[in-house]
Amino acid sequence: MPGTAPALIRRRPPLPRFGRFLGTLARVRALSADDFTYDLPPSRIASEPLPARDHSKLLVASIPPAGAPPRLTLRHTHFHQLPTLIPRNALLLFNTSSVIPARIAAERKTAAGAPAKSEIFLLRPTAPSPDPSLALAATAGPGESAVRWACLIRGRKIKDGSVLTAPPTPEPSTPPDDGEGAEPALPPPPLPDRVEENSARLTATVIRRSIEPSQDKDAGPPAAEVEFSWTPPHLPFSSVLASLGSTPLPPYLHRAATPADAAAYQTVYARVSAAGSVAAPTAGLHFTPETMSSLRGHRAAEIAEVVLHVGAGTFAPVSAASMAGHVMHEERVEVEVGVMRAVAGRRRGRAGRAEGEWGGGDVVVAVGTTSVRA
């Protein structure tokens, strides 16, 4: 308005914590992949879980208190001792996503009519919903929406319109020679839980062989869009997978899944209603019901749940020279408002404390990197 002095716009100075965050982010982006490269002998990789989950080894890094010399102390113990290491009244965040039997052994008919082995690895649903809980509940009855997933497909001469079926026919004593070249050997699928006397049969039609370019040359082939139909059509897709799919073990285990892996490669706190991961949140595999009970009882810990559906991209190697050049994969996350408020409340409790000074009531413990990402 005429005669009115212009308003002064005052800029709030940057928050100290936000400035530290930006500084930390810049240092992380500048990290070199060589900083994390080390030799890991295959003999040091456990290909089978321990009979008692919580008897695995646990490395404890003790951070010195505020004002003490910055010297990190390392010691070894076992996972069942974890409740004695967690401050009382701490808030623990658990990723309750459960792993689906995402690996399906299938076959396609060649031009000569002979079966050619292939494999379908489910990544994430695209229809009728990108929400795994809705996609897994879908049926294939008349009038139902198409069920489509982004998948990785292994096999020769797979293209748009290719039709794959599961389960594959029993392997003949002499593999057929269809003139198309030898198919890559696939590990035998495990014996799954039977659904209606194993009557389920799945048909997978490749809608698009490639729906997204591989952003990392070492991240594997691009995903395909696959439409599924099955019989009996009234079964939910989750039941079909339970019958025909197998546990998607990490590639570094170098073995085929067994029936025991369906339970072993699942956290004890995973929820069926939160199914959708194609890799387990492995840090949580060592928890047992006894560990959880001890945390709640003796340590008075508050338990909060988040859902992050772990994708196959978690196994993609880092080929970029620095972290700034690494392209992270996308993952679906679900965090309730109450959990956000609980974490924010703990953060407010930290205000005013010196760096390195903690109280049990303001500690937030994220169980594994998937809970951190959520």
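Here we summarise the structure given alongside this text. All values derive from a computational prediction rather than experimental measurement. (Residues numbered from 1 in each chain as written. Predicted model: local features only at pLDDT ≥ 70, side-chain atom pairs only at ≥ 80, totals over all residues. Heavy atoms only, no water.)

### Quick word on the environment of Ser 56
Next, step 1: Within the secondary structure, Ser 56 is located in the loop between helix 1 (16-30) and strand 1 (57-62).
Next, step 2: Separated by 24 residues in sequence, Ser 56 and His 80 have C-alpha atoms that sit 8.1 Å apart.
Next, step 3: Among all residues touching Ser 56, those that are not within four sequence positions of it are Leu 50, Thr 77, His 78, Phe 79 and His 286.
Next, step 4: For Ser 56, the side chain forms a polar contact with the main-chain oxygen of Arg 53, separated by 3.5 Å. (Helix = DSSP H or I, 4+ residues; strand = E, 2+ residues; numbered from the N terminus. Contact = heavy atoms within 4.5 Å. Polar contact = N/O pair within 3.5 Å; in protein donor to acceptor, adjacent residues only side chain to side chain.)

### Examining a nonpolar patch on the surface
Next, step 1: Residues Leu 59, Ile 63, Leu 72 and Leu 74 make up a contiguous nonpolar surface patch of roughly 450 Å² in combined accessible area.
Next, step 2: By the element assignment, Leu 74 lies in strand 2 (residues 73-78). (Patch = residues over 30% accessible without salt bridge, like charges linked within 9 Å, V, L, I, M, F, W, Y side chains within 5 Å. Areas by Shrake-Rupley, 256 points an atom, 1.4 Å probe, with all protein chains shown as cover. Salt bridge = Lys/Arg side-chain N within 4 Å of Asp/Glu carboxyl O.)

### Looking at helix 4 (residues 237-244)
Next, step 1: Within the sequence span of helix 4, burial applies to Phe 237, Val 240, Leu 241, Ser 243 and Leu 244. Viewed end-on, helix 4 has its buried residues packed into an arc of 160°, placing them on one side of the element. (Buried < 20%, exposed > 50% of the residue type's maximum accessible area, 1.4 Å probe, protein only. Arc of directions from axis to C-beta.)

### A short note on the packing of aromatic side chains
Next, step 1: Taken as a whole and assessed by the stated rule, the structure comprises seven aromatic pairs.
Next, step 2: Taking the centre distance of 6.1 Å and the plane angle of 75° together, the rings of Tyr 269 and Phe 287 count as edge-to-face. A residue pair is termed long-range when its members are at least 10 positions apart, and Tyr 269 in the loop between helix 5 (261-264) and strand 12 (275-277) and Phe 287 in the loop between strand 12 and helix 6 (289-297) qualify at 18 residues.
Next, step 3: Its relative accessible area of 10% is what places Tyr 269 among the buried residues.
Next, step 4: When its relative accessible area of 2% is taken as the criterion, Phe 287 is described as buried.
Next, step 5: In textbook terms, an aromatic cluster arises when at least three aromatic residues are bridged by ring pairs, as seen for Phe 79, Phe 94, Tyr 269 and Phe 287. (Phe/Tyr/Trp six-rings, centres within 6.5 Å; stacked < 30°, edge-to-face > 60°.)

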